[in-house]
Amino acid sequence: MQQAASTVFPPKLTLYYSPKACSLASHIVLEESRLSYEAICVDIRSGANVGPDYLKINPSAIVPALGAGDAVITESQAILSYIADLALESGLMPRPGTRERARAHEWMNWISSSLHVTYRSIFRPQTYAGDHPDAISAVRAHAEKKLVKMLAEIETRLGDSSYALGEEFSAVDAYLFVFYLWSFDERIHAELPARSRYGALAARVWARDAVRVVVARERAVRAYELPPHFASELTTEK
Ligand SMILES: N[C@@H](CCC(=O)N[C@@H](CS)C(=O)NCC(=O)O)C(=O)O
């Protein structure tokens, strides 16, 4: 007997991503999960996210979106948790009901609602300032100051742990990794703090096979910049 699509487990998974966007976290976590999935590029730089095909999938016109059987899930935090729950044995998220699980959500919510928003205010200040040049400059300048504080806050939050939740890699680290890459973006003019703990975490994430696979796949679509110490490794690997 054929099962209805909505009851198939795990469902057919399709990730809609854009190179080096926040969707990179979901992309990494899917690869880490060892679940079967298809990755479809919706390049936001070329406006593919506002094309009619993608708007049918996600009317909000943002990535990531995850097709899961006959459903579409949006919002990084929801997608990351969902993938981790589908692949429980992979340990990508702590078990539901644990304090560690709450800590994971605390991190992810902070990343989504504060850290990501701060980067967006620098890269696309018009989102908050509209078209007025003074307002654009003010939003960007304020966000740069905020970013400096947030990167320092990440150092404090990490303490002596190797990863966000302790000594094991989790979905939170994949999410943090994206915003470590973004901290090298040339549109940021502020002098950023040293971020040595964050950098050490990112280096651990960067050393993972799944991360290399995903970054190579995304860079085959668009060869985005990597922090110089990561990029030089790729050159010497050739
Ligand atoms: N809160 C959403 C934010 C998603 C988001 O801002 N995605 C950006 C890429 S990093 C996007 O698709 N931007 C397209 C646009 O705004 O045109 C999440 O965490 O998934």
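Keep in mind that this is a model prediction, so the values were computed, not measured.

Draft legend 1. Geometry of the side chain of His116. Checked against the element boundaries, His116 lands in helix 4 (residues 99-123). Ignoring any residue separated from it by four or fewer positions in sequence, one finds His116 in contact with Cys22, Ile111, Phe179 and Trp182.

Draft legend 2. Here's a closer look at the packing of aromatic side chains. In the structure shown here, the tally under the stated rule is 15 aromatic pairs. Considering the side-chain rings of Tyr119 and Phe179, the 5.7 Å spacing of their centres and the 25° angle between planes classify their relative orientation as stacked. In this pair, Tyr119 sits in helix 4 while Phe179 sits in helix 7 (residues 171-182), placing the two residues 60 residues apart along the sequence. No difference in accessibility class separates Tyr119 from Phe179, as the two residues are buried. Relative to Phe184, the ring of Tyr180 has its centre 5.2 Å away and its plane inclined at 70°; by these criteria the two rings are edge-to-face.

Draft legend 3. View of the pairing of strand 4 (residues 71-74). In terms of strand pairing, strand 3 (residues 65-68) meets strand 4 through four bridges, oriented antiparallel. If you follow Ala68 over to strand 4, its bridge partner there is Ala71. Taking the residues between adjacent antiparallel strands as the criterion, strand 3 and strand 4 are bridged by two residues, where Gly69 takes a positive phi near 65°.

Draft legend 4. Layout of the site of the ligand. Surveying the vicinity of the ligand reveals 16 residues, the closest of which are Cys22, Val63, Glu75, Ser76 and Arg120. Residue Val63 places a main-chain N or O atom 2.8 Å away from a nitrogen atom belonging to the ligand. Here an oxygen atom of the ligand sits 3.1 Å away from a polar atom, N or O, in the side chain of Arg124. In isolation the ligand offers 520 Å² of accessible surface; the protein chains occlude 84% of this area. For the shell around the ligand, the elements supplying multiple residues, two or more each, are helix 4 and helix 7. The element that contributes the greatest number of residues to the shell around the ligand is helix 4, accounting for three residues.

What counts and how
- By convention here, each chain's residues receive numbers from 1 onward along its written sequence.
- Given that the model is predicted, a residue must reach a pLDDT of at least 70 before its local features are reported, and side-chain atom pairs must reach 80 or more before they are shown or counted; all residues, however, enter totals for whole chains, interfaces and linings.
- Only hydrogens and water are set aside when side-chain values are computed; all heavy atoms of the structure are taken into account.
- Secondary structure counts use DSSP, requiring at least four H or I residues in a row for a helix and at least two E residues in a row for a strand, with both numbered from the N terminus.
- The contact criterion used is simple: two residues touch if any of their non-hydrogen atoms lie within 4.5 Å.
- Ring pairs are drawn from Phe, Tyr and Trp, using the six-membered ring of Trp, whenever the two centres fall within 6.5 Å, and their geometry is named by plane angle: stacked under 30 degrees, edge-to-face over 60, tilted for the rest.
- Burial here depends on accessible area, computed with a 1.4 Å probe over protein chains only, as a share of the maximum for the residue type. Under 20% is buried, over 50% is exposed, and the range in between is partly exposed.
- At least two bridges found by DSSP between two strands are what make those strands a pair.
- Here a residue is near a molecule or strand as soon as one of its heavy atoms is found within 4 Å of it.
- Whenever a nitrogen or oxygen atom comes within 3.5 Å of another N or O atom, the pair is scored as a polar contact, on the condition that within protein one atom can donate a hydrogen and the other can accept it, and that pairs from neighbouring residues in sequence are kept only if both atoms are in side chains.
- Computed with the Shrake-Rupley method and a 1.4 Å probe, the accessible areas treat only the protein chains shown as cover for residues.

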